[in-house]
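Chains, contacts and geometry: an overview
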Amino acid sequence: MLDTSCRTCQRVKINKGLSYNGLDVNSNVVDRYMGVALNVSQNGIQIETDRMIETKYIILMFFDYKGNYVAARGEVVYSKKNDSGKFWTGISLQERNGDNLQFV
């Protein structure tokens, strides 16, 4: 798991399904898939997927408990295989706008 000793924001464990779009450097969608959010903070999120995320940039999307569509843009920090054969991906949320705060 991640070293949390230097975190500025506390992570909260969650289990929320989401989808994502992987983006290239020109913001073109080059990958689409689904995953599960494992934990989240104001600065980042960790998700689990069945495959490695190989793009640098990502848009995470889900519907909140009121049925509202929420999206957040981020940068992939790492994507590595865990002991169960799935992949953990750490994502730094890039924009501190209303959508990212609502996402968190």
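Residues numbered from 1 in each chain as written. Predicted model: local features only at pLDDT ≥ 70, side-chain atom pairs only at ≥ 80, totals over all residues. Heavy atoms only, no water.

What the rule picks out here adds up to two aromatic pairs. Seen from their ring centres, tyrosine 20 and tyrosine 33 are 6.5 Å apart, and the 65° between their planes marks the pair as edge-to-face. With tyrosine 20 in strand E1 (residues 12-23) and tyrosine 33 in strand E2 (residues 29-40), this pair connects stretches of sequence that are 13 residues apart. Here the basic side chain of arginine 51 rests over the ring of tyrosine 33, its NZ or CZ set 3.9 Å away from the ring centre. (Phe/Tyr/Trp six-rings, centres within 6.5 Å; stacked < 30°, edge-to-face > 60°. Helix = DSSP H or I, 4+ residues; strand = E, 2+ residues; numbered from the N terminus. Lys NZ or Arg CZ within 6 Å of the ring centre and 35° of its normal.)

Take the sheet that holds strand E4 (residues 57-63) next. Read around the barrel, six strands follow the order E1-E2-E3-E6-E5-E4 and close on themselves; strand pairing throughout is antiparallel. Taking each pair of neighbouring strands and ignoring which way they run, the sheet shows an average axis angle of 45°. (Pairing = 2+ DSSP bridges. Axes fitted to C-alpha atoms, helices over the stretch in contact; angles between N-to-C directions.)

Looking now at unusual backbone geometry. Phi is positive for serine 27, which is not a glycine, with a value near 65°. Mapped onto the secondary structure, serine 27 falls in the loop between E1 and E2. The exposure class assigned to serine 27 is partly exposed, which follows from its relative accessible area of 39%. (Buried < 20%, exposed > 50% of the residue type's maximum accessible area, 1.4 Å probe, protein only.)

Glancing now at the side chain of serine 41. Mapped onto the fold, serine 41 is located in the loop between E2 and strand E3 (44-49). At 3.1 Å, the side chain of serine 41 forms a polar contact with the backbone nitrogen of asparagine 43. (Polar contact = N/O pair within 3.5 Å; in protein donor to acceptor, adjacent residues only side chain to side chain.)

As a further point, take the pairing of E2. For E1 and E2, the ladder comprises ten bridges, and the chain directions are antiparallel. Bridge assignment links glycine 17 to a residue of E2, and that residue is valine 36. Following E1, the chain reverses through five residues before pairing antiparallel with E2; serine 27 in that reversal takes a positive phi of roughly 65°. As judged from the four bridges shared by E2 and E3, these two strands associate in the antiparallel manner. Looking at the pairing, asparagine 39 lines up with glutamine 46 of E3. Connecting E2 to the next strand, E3, in antiparallel fashion are three residues.

Positionally, serine 84 belongs in the loop between strand E5 (69-81) and strand E6 (87-93). Classification of serine 84 by relative accessible area gives exposed; the value is 57%. There is a polar contact of 2.7 Å between the side chain of serine 84 and the side chain of asparagine 82.

As a further point, take the nonpolar core. If you look at the biggest cluster of nonpolar residues, it comprises 15 residues, and the most contacted ones within it are Leu18, Ile45, Ile47, Ile53, Ile58, Leu60 and Ile91. Those elements that place two or more of their residues in this core are E1, E2, E3, E4, E5 and E6. Every residue in contact with isoleucine 91, bar those within four places of it in the chain, is listed here: Asn43, Gly44, Ile45, Ile47, Ile58, Leu60, Gly74, Glu75 and Val77. (Core = buried A, V, L, I, M, F, W, Y, C linked by side-chain atoms within 4.5 Å. Contact = heavy atoms within 4.5 Å.)

So, to be careful, I would describe these as geometric facts and stop short of saying anything about function.
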